[in-house]
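# Descriptive analysis of the structure
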Amino acid sequence: MTQDELKKAVAEAALEYVESGMIVGVGTGSTANFFIDGLAGMKGKIDGTVASSEASADRLRGHGIEVMDLNQTGDLQLYVDGADESTRHLHLIKGGGGALTREKIVAAASEKFVCIADESKLVDTLGAFPLPVEVIPMARSYVAREIVKLGGQPVLREGFTTDNGNVILDIQNMTILDPVELETALNHITGVVTNGLFARRGANVLLLGTESGVEVLK
């Protein structure tokens with residue numbers, strides 16, 4: 001199976017978690033796009049969605065699916081999104097598409113976070129994929145210096161601005177042995193909006209697309 005076929009398989013498996021009357025939190029990225037496309041076939045079943053990015057909101061609206069404001073919906077029952085890396089402990093790196101802050105907000109507001117990914121995203125230790133950190137622009141250099149003190153090599157994501165008007169530093173060459181501790185340390189740096197470690201609030205379920213079918217990790 002191709003990588004896209006694996007992504008589509010897990011996206012379709014995630015549709016089974018969607019119940020009638022739900023407002024569904026929807027993530028960002030290529031795997032989440034397959035979920036959005038699948039959700040279009042059952043849009044009459046749900047009451048609406050909350051999107052983690054403008055790109056996902058546009059795709060949802062393109063399918064005629066209502067996109068709602070999290071401030072009005074309150075807590076959500078379900079959030080479905082992909083990941084750039086995941087361990088079997090369901091700790092994740094997210095934010096390759098730059099939507100990490102809104103993704104983290106929707107995940108925090110959701111009772112269940114179902115992560116969908118192909119098997120290439122499963123790793124023993126996080127960090128091979130550069131860890132994104134969203135930063136207030138005026139704090140970019142300061143935050144970068146603090147990241148170096150933590151052992152990382154921050155690289156500015158050139159020509160990119162988040163939906164929130166901020167910049168992203170991607171931390172390279174950092175083996176993440178304690179994701180919860182590093183997530184906390186990064187968030188304590190003044191000027192950091194948030195980082196792409198989803199460890200303090202990881203996924204509840206990981207649907208992993210493999211050649212032999214969809215593996216469910218909890």
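A brief look at the structure comes next. Nothing here was measured: the structure is a model prediction, and the numbers come from that model.

Below, the discussion takes up unusual backbone geometry. Backbone geometry follows two general trends: most residues other than glycine have a negative phi, and most peptide bonds adopt the trans configuration. Positive phi outside glycine occurs at Leu 90, with the angle close to 70°. At Asn 173, a residue that is not glycine, the phi angle is positive and equals roughly 55°. Within the secondary structure layout, Asn 173 lies in the loop between β9 (167-172) and α7 (179-187). A residue is classified by how much of its surface remains accessible, and Asn 173, at 57% relative accessible area, is exposed.

A few words now on the layout of surface pockets. Taken as a whole, the largest pocket holds about 240 Å³ of empty space. In terms of lining, the largest pocket is formed by 15 residues, of which the most central are Val 50, Ala 51, Met 68, Leu 70 and Arg 102. Those elements that place two or more of their residues in the lining of the largest pocket are β2 (48-51), α3 (54-62), α4 (70-73) and α5 (100-108). Classifying every residue of the lining of the largest pocket gives eight nonpolar, three polar and four charged. The calculated volume of the second largest pocket comes to roughly 210 Å³. Around the second largest pocket, the lining is made up of 17 residues, and of these Thr 28, Gly 29, Ser 30, Ala 83 and Asp 84 lie nearest the centre. If you list the elements that add at least two residues to the lining of the second largest pocket, you get α2 (30-39) and β6 (110-118). Tallying contributions element by element places α2 first for the lining of the second largest pocket, with three residues. Across the lining of the second largest pocket, the residue classes break down as four nonpolar, eight polar and five charged.

A few words on the packing of helix α1 (residues 3-14) against α2. Running from N to C, α1 and α2 point in directions that differ by 50°, and their axes come no closer than 8 Å. For the element pair α1 / α2, the angle class is oblique. As for the relative orientation of α1 and α2, their crossing is right-handed in sense. Seen from α1, the contacting residues are Asp 4, Lys 7, Lys 8, Val 10, Ala 11 and Ala 14; seen from α2, they are Ser 30, Thr 31, Phe 34 and Phe 35. Class assignment of the residues belonging to the contact of α1 with α2 gives a composition of five nonpolar, two polar and three charged.

This next bit is on the environment of Arg 59. Mapped onto the secondary structure, Arg 59 falls in helix α3. Assessed through its relative accessible area of 33%, Arg 59 is described here as partly exposed.

Turning our attention to the sheet that holds strand β3 (residues 76-81). Strand order across the open sheet formed by six strands is β2-β1-β3-β6-β12-β13, with mixed pairing between neighbours. Only two strands of the sheet have a single neighbouring strand rather than two, namely β2 and β13 (213-217). If you compare each strand with its neighbour and ignore which way they point, the axes differ by 25° on average. Note: strand β1 (residues 23-26) against β2, four bridges, orientation parallel. Bridging from a neighbouring strand, Val 26 pairs with Ala 51 of β2.

Below, the discussion takes up the nonpolar core. One finds Val 18, Val 24, Phe 35, Leu 39, Val 114, Ile 116 and Leu 207 to be the most contacted residues of the largest nonpolar core, which totals 25 residues. Going through the elements one at a time, α1, β1, α2, α3, β3, β6 and β12 (205-210) are the ones with two or more residues in this core. In terms of residues, this core owes the most to one element, α1, which gives four residues. Once you skip the residues sitting within four places of it in the chain, Val 18 turns out to touch Val 24, Phe 35, Leu 39, Met 42, Lys 45, Ile 46 and Leu 78. Listed in part, the 19 residues of the second largest apolar core include Leu 126, Ala 144, Ile 171 and Leu 186.

Thresholds, definitions, all that
Residues numbered from 1 in each chain as written. Predicted model: local features only at pLDDT ≥ 70, side-chain atom pairs only at ≥ 80, totals over all residues. Heavy atoms only, no water. Helix = DSSP H or I, 4+ residues; strand = E, 2+ residues; numbered from the N terminus. Buried < 20%, exposed > 50% of the residue type's maximum accessible area, 1.4 Å probe, protein only. 1 Å grid on protein atoms, 1.4 Å probe; cavity = no way out; pocket = protein on both sides within 12 Å on 5 of 7 lines; lining within 4 Å. Points joined across faces, edges and corners; volume = space filled by probe spheres on them. Nonpolar A, V, L, I, M, F, W, Y, C, P; charged D, E, K, R; others polar. Axes fitted to C-alpha atoms, helices over the stretch in contact; angles between N-to-C directions. Parallel < 35°, antiparallel > 145°, perpendicular 65-115°, else oblique. Left-handed = near helix turned anticlockwise from the far one by under 90°. Contact = heavy atoms within 4.5 Å. Pairing = 2+ DSSP bridges. Core = buried A, V, L, I, M, F, W, Y, C linked by side-chain atoms within 4.5 Å.

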